[in-house]
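# Chains, contacts and geometry: an overview
These are the residues of each chain, in order.
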Amino acid sequence: MAPERSTEELLEAAVGGDAVAWQQLVEQFQPAVWGATSRLGLRQTEAEEVFQTVWLRLIERHETIRDPARLAGWIKTVARNEGLAILRRSARTEPSDVIDLATNAVDGPEVHLIRRARSELVMAGFRQLSERCQDVLYMSANKKSYVEIAEKVGLNPNSVSSIKARCLETLRSFSEIKQVMETAE
Amino acid sequence: MSDADDAPQADDELLAFLGEAIEDTDAVPPWLTRFANESHRLLSLEGELAAIVSDSLVDAGEMRSGAGVRTIEFAVDGTTVRLEVDGAEIRGTVSPAPSEVHLVSETDTHSIQVNQRGFFQFDTPAGLFRIVAVVDGSVIRTDWVRFS
């Protein structure tokens, strides 16, 4: 096992061409990027644009970033500026019909713990799916229409339903999900 | 007909759990994770990076009409690149005047004609792009930007 590398070392390695180091950075910081991005009151597609831009800025401006604390702040600033530009481009002053996945009401502490454990298991299963299944189910879980899913994934809208069913079947075959479904019964 | 009709209830339940899990873990959409991982290949070390120094849409103190012209300026050392976006068209200037200007998108690169005073013009690209210019024999590349 390689020893854990600091943010600075990962950035340096990534800039030197190390794709694995870059993927570690992505894994580590993408929740922060997505969190900062999705709190801006943008539409989903706009939030996605901002998310993408933040990574491009990061890889280009790596020299200016040295420690993890600064990186998190830096991410928020870049996301905010990019988000503002989009809001002004569309001349909106009000947050839109936001899709913010993180702001729903939270249940009591016990419920929350049980649900949290279940969610971790579900995600562990989800991550084993193929790219296409992940895309289709992520969008289905967020109540996207078959037409929207078809467009995103590049499918015929008529085939989304059966692909979704097959993906769910695969998901259900994983041990993590079996555990979840047994507990739920 | 479809499998979904055979077990709609169980599917709905599993999808509801997945929805909760996505929410609880702030799960990033999978296609965005792929983009972030792949953005590594867009790294270019050729030349100096001209970073954004001003963007009229970010700098504006108050909300402006969406129909206006957006101006972005990039700078590095003594060189500035200025882009004015007017709908479907972008007018650019590099100062001092460059010998070459290239428009680089995520997937390809092509040259743009530039006059002796450093002016050039091109159709607003869809998605992300950057300008790469050769000034006095040195290569500069701007930050990535997106106007549509």
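Our structure is the block above this text.
Because the structure is a prediction, the values reported are computed rather than measured. (Residues numbered from 1 in each chain as written. Chains lettered and ligands numbered in written order. Predicted model: local features only at pLDDT ≥ 70, side-chain atom pairs only at ≥ 80, totals over all residues. Heavy atoms only, no water.)

## Describing unusual backbone geometry
Residue and element names in this part refer to chain B. Keep this limit in mind: Comment: elements are numbered from the N terminus, with helices defined as DSSP H or I runs of at least four residues and strands as E runs of at least two. Working definition: with a 1.4 Å probe on protein chains only, accessible area under 20% of the residue-type maximum means buried, over 50% means exposed, and in between means partly exposed.
The amide bond that connects Ser95 to the next residue, Pro96, takes the cis arrangement and shows omega of -5°. Mapped onto the elements, Pro96 comes out in the loop between strand S4 (89-95) and strand S5 (100-105). Backbone geometry places Asp26, a non-glycine residue, at a positive phi of 50°. Turning to its location among the elements, Asp26 is positioned in the loop between helix H2 (8-24) and helix H3 (30-38). What makes Asp26 partly exposed here is its relative accessible area of 30%.

## Regarding the interface of chain A and chain B
Here is the rule we go by: Contact criterion: two residues are considered in contact whenever any of their non-hydrogen atoms come within 4.5 Å of each other. Summed over both partners, the accessible surface that disappears when two parts come together, traced with a 1.4 Å probe, is what is meant by buried area. Here, a salt bridge means any side-chain nitrogen of Lys or Arg that lies within 4 Å of a carboxyl oxygen of Asp or Glu. Any pair of nitrogen or oxygen atoms within 3.5 Å is treated as a polar contact; in protein, a donor-acceptor pairing is required on top of that, and neighbouring residues in sequence qualify only through side-chain atoms on both sides.
Contacts between chain A and chain B engage 62 residues on the former and 58 residues on the latter. Summing the contributions of chain A and of chain B, the shared interface buries around 5700 Å²; its carbon and sulfur component is 63%. The three residues of chain A that bury the most area against chain B are Leu56, Glu60 and Arg88 of chain A, which together make up 14% of that side's buried surface. Inspection of the chain A/chain B interface yields 11 salt bridges. In this structure, the salt-bridge partner of Arg141 of chain B is Glu60 of chain A, at a minimum N-O distance of 2.9 Å. At the surface where chain A touches chain B, the tally comes to 17 residue pairs in polar contact (both at pLDDT 80 or more).

## A few points about the environment of Arg172 of chain A
Here Arg172 of chain A shows up in helix H8 (residues 157-173). Residue Arg172 of chain A is classed as partly exposed on the basis of its relative accessible area, which comes to 24%. Considered as a pair, Arg172 of chain A and Phe126 of chain A are 46 residues apart in the sequence and their alpha carbons are 9.6 Å apart. Residues in contact with Arg172 of chain A, not counting those within four places in the same chain, are Ile177 and Lys178 of chain A together with Ala10, Asp11 and Leu14 of chain B.

## Observations concerning helix H2 (residues 19-38) of chain A
Definition in use: The bend reported for a residue corresponds to the angle between axes fitted to the seven residues ending at that residue and the seven starting there.
Approximately 50° is the largest bend angle found in H2 of chain A, and it occurs at Phe29 of chain A, with the proline Pro31 of chain A only one to four residues beyond. Among the residues making up H2 of chain A, those that are buried are Ala21, Trp22, Leu25, Val26, Phe29, Gln30, Val33, Trp34, Gly35, Ala36, Thr37 and Ser38 of chain A.

## As for the state of the cysteines
All names here are of chain A. Note the following rule: Here, two cysteine sulfur atoms that lie within 2.5 Å of each other are counted as a disulfide.
Here the structure, examined in full by the defined rule, presents one disulfide over all chains. Across a sulfur-sulfur distance of 2.1 Å, Cys133 and Cys167 are joined as a disulfide pair. In this structure, the disulfide formed by Cys133 and Cys167 twists by about -75° around the S-S bond and is classed as left-handed. You can see Cys133 sitting in helix H6 (residues 131-141) and its partner Cys167 sitting in helix H8, a full 34 residues away along the chain. Like Cys133, the residue Cys167 is buried in the burial classification.

## Section: the environment of Leu121 of chain A
The topology assignment puts Leu121 of chain A in helix H5 (residues 109-126). In this structure Leu121 of chain A touches Glu176, Ile177, Gln179 and Val180 of chain A, once residues within four positions along its chain are discounted.

## A short note on the pairing of strand S2 (residues 70-76) of chain B
All names here are of chain B. Note the cut-off: Two strands are said to pair when DSSP picks up at least two bridges between them.
Most of S2 is tucked away: five of the seven residues are buried. As judged from the four bridges shared by strand S1 (residues 48-55) and S2, these two strands associate in the antiparallel manner. Of the residues in S2, the one forming a bridge with Asp55 is Ile72. Bridge count for S2 against strand S3 (residues 79-86) is seven bridges, and the pairing is antiparallel. Bridging from a neighbouring strand, Val76 pairs with Thr79 of S3. In this antiparallel pair of consecutive strands, S2 and S3, the connection spans two residues, and Asp77 shows a positive phi of 45°.

## Some details on the packing of H6 of chain A against helix H7 (residues 146-153) of chain A
Residue and element names in this part refer to chain A. Rules: Helix axes use the C-alpha atoms of the stretch in contact, all axes being lines fitted to C-alpha atoms, and the angles between their N-to-C directions lie in the range 0 to 180 degrees. Here roughly perpendicular refers to angles of 65 to 115 degrees, roughly parallel to angles under 35, roughly antiparallel to angles over 145, and oblique to all remaining angles. For any helix crossing, the convention is left-handed if the near helix is rotated counterclockwise from the far helix by under a right angle, and right-handed if that rotation is clockwise. Note that Gly is not counted as nonpolar here; it falls among the polar residues with everything else outside the nonpolar set of Ala, Val, Leu, Ile, Met, Phe, Trp, Tyr, Cys and Pro and the charged set of Asp, Glu, Lys and Arg.
Running from amino to carboxyl end, H6 crosses H7 at an angle of 150°, the nearest separation of the two axes being 10 Å. Comparing the axis directions of H6 and H7 gives the class roughly antiparallel. H6 and H7 meet at a crossing whose hand is right-handed. Facing Arg132, Asp135, Val136, Met139 and Ser140 of H6, the residues of H7 in contact are Glu148, Ile149, Lys152 and Val153. Residue composition of the contact of H6 with H7, grouped by class: four nonpolar, one polar and four charged.

## Some words on the side chain of Arg57 of chain A
On the secondary structure map, Arg57 of chain A appears in helix H3 (residues 44-60). Accessibility expressed as a relative area gives 2% for Arg57 of chain A, which makes it buried. When near neighbours in sequence (up to four residues on either side) are disregarded, Arg57 of chain A contacts Trp74, Val78 and Glu82 of chain A together with Ile52, Asp143, Trp144 and Val145 of chain B.

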